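# Tertiary structure, described
The chain contents come next:
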Amino acid sequence: MASIKQFQVTFDCAEPERVARFWCEVLGYVVPPPPEGFATWGDFDQSLPSERQGSAFACVDPSGVGPRLFFQRVPEGKALKNRLHLDVRVGTGLAGEERLAALEAECARLLALGAVRVRLLTADGYNESCLVMQDVEGNEFCLD
């Protein structure tokens, strides 16, 4: 059996392009080129049946290292806590006040993009501090 080398992270959301563009800014990801034969993603979108227009969007790591992120429109809204979330690693190797400063600086940047700060989880002797946040549609993620 072959081992899996790549994976994609899929988000259910109401506004795929809006959420995808938020995560592009958070992670330094980019929108991939549109399919062959289309000058823009808007042109491609307009070629779809009306019920499928705006139903999906994606972004990729320009270095090719990180997973592709795919955003798909679903009819229901988010109701409960995520069972899976992303940890955005901004404090790797840092501890104490230096780590908190890095988390707070990134938090401020993401708040300007529409993120919401939920709570700070302070270091407890086992885990370092992290900041719980929500993206533009309320999906939880952590600044770690």
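Residues numbered from 1 in each chain as written. Predicted model: local features only at pLDDT ≥ 70, side-chain atom pairs only at ≥ 80, totals over all residues. Heavy atoms only, no water.

### Topic: the confidence of the model for the protein chain
Averaged over the protein chain, the pLDDT score is 89; the fraction of residues at 70 or greater is 97%. For the protein chain, per-element mean pLDDT is lowest for strand 1 (residues 8-13), which scores 88, and highest for helix 1 (residues 16-27), which scores 95. (pLDDT = per-residue confidence, 0-100. Helix = DSSP H or I, 4+ residues; strand = E, 2+ residues; numbered from the N terminus.)

### Looking at the pairing of strand 6 (residues 130-134)
A large share of strand 6 lies buried, amounting to four of its five residues. Two strands pair when backbone bridges link them, and strand 5 (residues 116-121) and strand 6 are joined in this way by five bridges, in the antiparallel orientation. Among the inter-strand pairings, Arg119 is bridged to a residue of strand 6, identified as Val132. Where strand 6 lies against strand 7 (residues 140-143), four bridges are found, and the strand directions are antiparallel. Note on strand 7: the bridge partner recorded for Gln134 is Glu140. Between the end of strand 6 and the start of strand 7, which pair antiparallel, lie five residues, with Gly138 showing a positive phi angle near 90 degrees. (Buried < 20%, exposed > 50% of the residue type's maximum accessible area, 1.4 Å probe, protein only. Pairing = 2+ DSSP bridges.)

### With respect to the environment of Cys142
Tracing the backbone through its elements, the reader meets Cys142 in strand 7. Sequence separation between Cys142 and Cys107 is 35 residues; the distance between their C-alpha atoms is 9.9 Å. Setting aside residues no more than four positions away along its own chain, Cys142 makes contact with His85, Leu86, Asp87, Val88, Cys130, Leu131 and Val132. (Contact = heavy atoms within 4.5 Å.)

### Here's the deal with the sheet that holds strand 3 (residues 68-73)
Strand order in the open sheet made by the three strands is 1-3-2, with mixed pairing throughout. A strand with exactly one partner marks an edge of an open sheet, and here the two such strands are strand 1 and strand 2 (56-59). Across the sheet, the mean angle separating the axes of adjacent strands is 20 degrees when strand polarity is ignored. Across four bridges, strand 2 lies against strand 3 in antiparallel orientation. (Axes fitted to C-alpha atoms, helices over the stretch in contact; angles between N-to-C directions.)

### Some points on the sheet that holds strand 6
Spatially, 4-7-6-5 is the arrangement adopted by the four strands of the open sheet, whose pairing is mixed. Among the strands making up the open sheet, the edge pair consists of strand 4 (86-88) and strand 5. Shown here is a sheet whose adjacent strand axes are inclined to one another by a mean of 25 degrees, direction ignored. Taken strand by strand, helix 1 contacts strand 4 and strand 7, and its axis lies near 40 degrees from that of strand 4. Here helix 3 (residues 96-112) sits on the sheet in contact with strand 5, strand 6 and strand 7, set at roughly 10 degrees to strand 6.

### Quick look at the side chain of Ser129
Along the polypeptide, Ser129 turns up in the loop between strand 5 and strand 6. Those residues in contact with Ser129 that lie beyond four places of it in its chain are Arg99, Leu100, Leu103, Leu121, Thr122 and Ala123.

### A few points about the layout of surface pockets
The volume enclosed by the largest pocket comes to roughly 480 Å³. Considering the residues around the largest pocket, the lining is formed by 23 residues, among which Phe11, Asp12, Lys78, Asn82 and Asn139 are closest to the centre. For the lining of the largest pocket, the secondary structure elements donating two or more residues are strand 1 and strand 7. What lines the second largest pocket is a set of 18 residues, among which Trp41, Phe44, Asp45, Ala56 and Phe57 lie closest to the centre. Counting residues per element, the ones that place at least two in the lining of the second largest pocket are helix 1, helix 2 (41-47), strand 2 and strand 3. No other element matches helix 2, which puts four residues into the lining of the second largest pocket. Class assignment of the residues belonging to the lining of the second largest pocket gives a composition of ten nonpolar, three polar and five charged. (1 Å grid on protein atoms, 1.4 Å probe; cavity = no way out; pocket = protein on both sides within 12 Å on 5 of 7 lines; lining within 4 Å. Points joined across faces, edges and corners; volume = space filled by probe spheres on them. Nonpolar A, V, L, I, M, F, W, Y, C, P; charged D, E, K, R; others polar.)

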